[in-house]
Amino acid sequence: MDPQALATIERLGYVLAGALFVVGLHRMNHPATARSGNQVSAVGMTVAVLVTTVAIATGTLASSVGVVGLVILAGAVIGGGLGWWLARSVQMTAMPQLVSLFNAVGGGAAALVAVDDFVKLSRVGQAPVDTTVFVGLGVVIGSITFSGSLIASGKLQGLVPSRPLVIPGGRFVTILAGLVVLGGFAYLVWQAWLGVGATSWTYVALASIVVAALVFGVTMVLPIGGADMPVVISLLNSFTGTAAAMAGFVIDNQGLIIAGALVGAAGGILTRLMAQAMNRSLANIVLGGFGTGDTVGAGAETGAEGTVRQVGPDDVAVMLAYARSVIIVPGYGLAVAQAQHQVHELAELLESRGVDVKYAIHPVAGRMPGHMNVLLAEANVPYPQLYEMERINPEFPRTDVALVVGANDVTNPAARSNPKSPIYGMPILDVDAAQNVVVIKRSMRPGYAGIDNELYSNPKTGMLFGDAKEALASLIAAVKAV
Amino acid sequence: MSEILLTSLTVFVLAVLVGFEVISKVPATLHTPLMSGANAIHGVVLIGAMAIVATADNPLSLVLSFVAVVFAAMNVVGGYLVTDRMLQMFRQRRAPAAPSEPPASLAVPSGEPEGAGRGQG
């Protein structure tokens, strides 16, 4: 086939792939079609890869097909195998950090594509101004995403302390790195503008941009507390999409541009929704307003006052078994204890006794928006029983027992009442409005935001200390015995 | 600006708008799978990585593009699989049957000892 026709087929293939991505995302609107949506999107990806493979193999792009094929095949097998293994073996609770890891390598790949193409152009002369701008954007965004996502992933995994890390002079380093990025960027564009051809300074500038952007990613995410990580991951996800689109401009590939732009928009919307759910502005989060030294201290003060009432499984079982309505508030503690199946078992047991059981899902319960829905779906909890915050909050005053399992910050009344609290203004589940509150919790340790919860010293509240799984198991046994 | 670039910019802007439109309708419960699914889609950078392997003309370029392929392939394969694993759990189940009759009387609870370490069902 002649090259012209092949190029046309390649472009049409990308259009098809782009359309499949859009349709796939659209089908992810609804739980019933979401899985097929992801599959449609995967078909789009397959089309894009196949079309590119054909284009490369038939030599529109390459002269030495053998080496090229080998490198691509080896890379695809190694990377794909690694991704396959990680995706198969990961615990559902550890899934947010895995998504963050995949996001990191995606951003890294986008940065590498931009760097490589720029080096190639510079070797044969001079990259034009527009290409240079896109290279710069791709490299900067991709590198920030790479290091930032790795740190975010490490924080969620516990490899990096999840508490906000404030390095002395950290903000200075961030600003310095930002200046180096801007300076290097400006130099490259200026050089392209003059059209004097690449010199060794070109490569120095490019390398400085990469290093500074990597440092920027690290110092940007380190001071942000673990509670804000979902928003950060979403933001970085959006970044990677944008970086991929920039790489698409650099190598003139519309498949990349369409898919990258879609994901950039997706991440942007998601980030905004998440920030709204936490009633925090994005700037506030990224600038690390959360949990700097003084706010942690302020939170700790409230801990001393008030005593907590400890209850045993039998007391709680009676309370639950004879309640008319129970709302279960699951949190991350439930997820780490892998107790979603026990929660479901308890709920079914209560329902069989005629108790009305609902689940209250805070938008950021777990570690990511919707994370708790995934975990409960894994345990076969029926969808109609899951209530979002806005729908369930009016129900609490009419509820006999609110059973909080491993949730903390999302139930903290300080978010409503204490303007000094770092989570003041965050929408919370009005658990304290219920007639009785039972909190299953391992210890009195503060939650992810690092602040104490005055719900625990509320006279209505009984604390059932223990691992969520074991506590629930003993509750189930106790309810059966009632 | 070249004709190619203008076309690409048009495509970019429209794709961004389509992305906003398509995505703003997703319910909150699906946000995590959506983020993961979108994460898989930006693995499309794989085709960019493949393209730069094809045009590699020196060892450094070959190494850079090889690493890019490894990264992007991991993003694509892992991204789609983990999203599928999540969504697999969203099988539609029928709503639970209406609650059976409420407990007839408030029997005095038998002081059963703690059901220690009951295994899951």
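What counts, and where the lines are drawn
Residues numbered from 1 in each chain as written. Chains lettered and ligands numbered in written order. Predicted model: local features only at pLDDT ≥ 70, side-chain atom pairs only at ≥ 80, totals over all residues. Helix = DSSP H or I, 4+ residues; strand = E, 2+ residues; numbered from the N terminus. Contact = placed C-beta atoms within 7 Å. Buried ≥ 20, exposed ≤ 12 C-beta atoms within 10 Å, placed from the backbone. Expected span 1.5 Å × (residues − 1). pLDDT = per-residue confidence, 0-100. Axes fitted to C-alpha atoms, helices over the stretch in contact; angles between N-to-C directions. Parallel < 35°, antiparallel > 145°, perpendicular 65-115°, else oblique. Left-handed = near helix turned anticlockwise from the far one by under 90°. Nonpolar A, V, L, I, M, F, W, Y, C, P; charged D, E, K, R; others polar. Pairing = 2+ DSSP bridges. Core = buried A, V, L, I, M, F, W, Y, C linked by C-beta atoms within 7 Å.

1. With respect to the overall build of chain B
Along its length, chain B carries four helices and zero strands. Ordered by position from N to C terminus, the α and β elements of chain B give α-α-α-α. Put simply, of all contacts in chain B between residues at least 6 apart along the chain, 61% involve residues at least 24 apart.

2. Brief notes about the overall build of chain A
Along chain A, the regular secondary structure elements total 18 helices and seven strands. For chain A, the spread of C-alpha atoms along the three principal axes comes to 80 × 50 × 35 Å. Taken over 482 residues, chain A has a buried fraction of 58%. Of the contacts formed within chain A by residues at least 6 apart in sequence, a portion of 79% connects residues at least 24 apart.

3. Here's the deal with the interface of chain B and chain A
If you look at the interface, chain B gives 94 residues, while chain A gives 115 residues. Mapped onto the side of chain B that touches chain A, the elements with two or more residues apiece are α1 (3-23), α2 (31-41), α3 (45-54) and α4 (59-88) of chain B. The dominant element in the side of chain B that touches chain A, judged by the number of residues it contributes, is α4 of chain B, at 27 residues.

4. Observations regarding helix α14 (residues 340-352) of chain A
When the terminal C-alpha atoms of α14 of chain A are compared, their 18 Å separation across 13 residues agrees well with the 18 Å that a helix rising 1.5 Å per residue should span. Trailing α14 of chain A by a residue or two, G354 of chain A shows a phi angle of about 90 degrees, which is positive.

5. Considering the confidence of the model for chain B
Interpreting fine coordinate detail is not advised for predicted regions of low pLDDT. Residues and elements named next belong to chain B. A residue-level look at chain B finds 69% of positions with pLDDT of 70 or above and a mean pLDDT of 75. Contacts from residues 92-121, a stretch scored under 50 in pLDDT, to residues over four places away or in other chains number 44 contacts. In the model output, the complex is listed with pTM 0.79 alongside ipTM 0.78.

6. A closer look at the packing of helix α1 (residues 3-27) of chain A against helix α2 (residues 31-57) of chain A
All names here are of chain A. In contact at an axis separation of 7 Å, α1 and α2 are set at 165 degrees when each is read in the N-to-C sense. If you check the angle between α1 and α2, you find them roughly antiparallel. Like other packed secondary-structure pairs, α1 and α2 cross with a definite hand, here left-handed. Here the contact of α1 with α2 is composed, by residue class, of 15 nonpolar, nine polar and two charged.

7. Quick word on the sheet that holds strand β1 (residues 309-310) of chain A
All names here are of chain A. Within the open sheet, the seven strands sit side by side as β1-β7-β6-β5-β2-β3-β4. Their pairing is parallel. Both edges of this open sheet fall to β1 and β4 (386-388), since each of them pairs with a single strand only. Here β1 pairs with strand β7 (residues 461-465) via two bridges, running parallel. Looking across to β7, one finds that Q310 is bridged to M463. Contacting β2 (325-330), β3 (356-361) and β5 (401-405), α14 crosses the sheet at an angle of about 175 degrees to β2.

8. Remarks on the pairing of β5 of chain A
Residue and element names in this part refer to chain A. Along β5, five of the five residues are buried, which leaves the element largely enclosed by surrounding structure. Of the two faces of β5, the one holding V401, L403 and V405 and the one holding A402 and V404 are both buried throughout. With five bridges joining them, β2 and β5 adopt parallel strand pairing. Following the sheet pairing, V329 is matched in β5 by V404.

9. Examining the nonpolar core
In this structure, L262 of chain A together with V69 of chain B are the most contacted members of the largest nonpolar core, which totals 206 residues. Beyond its immediate stretch of four places on either side in the chain, V69 of chain B contacts I72, G75, A76 and G79 of chain A together with L46, A49, M50 and V53 of chain B.

10. Here we look at the confidence of the model for chain A
Across chain A, pLDDT averages 85, with 92% of residues at or above 70. Confidence drops under pLDDT 50 across residues 289-305 of chain A; counting only partners more than four residues distant or on other chains, this segment forms 30 contacts.

11. Here's the deal with the environment of G197 of chain A
Residues and elements named next belong to chain A. With respect to the helices and strands, the residue G197 is situated in the loop between α6 (170-194) and α7 (200-221). G197 gets classed as exposed once you count the C-beta atoms within 10 Å, which come to 12. Along the chain, G197 and S122 lie 75 residues apart, while their C-alpha atoms are 7.2 Å from each other.

12. Points about the pairing of strand β6 (residues 436-441) of chain A
Residues and elements named next belong to chain A. When you tally the buried positions in β6, you get five out of six residues, the bulk of the element. Examined bridge by bridge, β5 and β6 share five bridges and lie parallel to one another. Its bridge partner being in β6, A402 is matched across the sheet by V437. Across five bridges, the pairing between β6 and β7 is parallel. Following the sheet pairing, V438 is matched in β7 by G462.

13. Notes on the environment of A365 of chain A
Residues and elements named next belong to chain A. Locating A365 in the fold gives a position in the loop between β3 and α15 (371-378). Taking the C-alpha atoms as reference points, A365 and A335, 30 residues apart in sequence, are found 9.8 Å from one another. In this view, A365 contacts P330, G331, H371, M372, A407 and V410; residues no more than four positions away in its chain are not counted.

14. What about unusual backbone geometry?
The phi dihedral of D252 of chain A is positive, around 50 degrees, even though this residue is not glycine. Within the secondary structure layout, D252 of chain A lies in the loop between α8 (229-250) and α9 (254-277).

15. With respect to α4 of chain B
Residues spaced three or four apart along an α-helix point in a common direction, a consequence of the helix completing one turn every 3.6 residues. Counted at 1.5 Å a residue, the expected span for α4 of chain B with its 30 residues is 44 Å, and the 43 Å between its end C-alpha atoms agrees. Among the 30 residues of α4 of chain B, 21 are classified as buried, and the element is accordingly described as predominantly covered.

16. Here we look at the packing of α2 of chain A against α3 of chain B
Where α2 of chain A meets α3 of chain B, the closest approach of the two axes is 9 Å, and the angle between their N-to-C directions is 10 degrees. On the basis of their axis angle, the class for α2 of chain A and α3 of chain B is roughly parallel. Contacts from A48, V49, T52 and I56 of chain A of α2 of chain A reach α3 of chain B at L46, I47, M50, A51 and A54 of chain B. Classifying every residue of the contact of α2 of chain A with α3 of chain B by side-chain character gives eight nonpolar, one polar and no charged.

17. Thoughts on the environment of V133 of chain A
Considering the arrangement of structural elements, one finds V133 of chain A in helix α5 (residues 129-157). Sequence separation between V133 of chain A and M246 of chain A is 113 residues, and the spatial gap between their C-alpha atoms is 9.1 Å.

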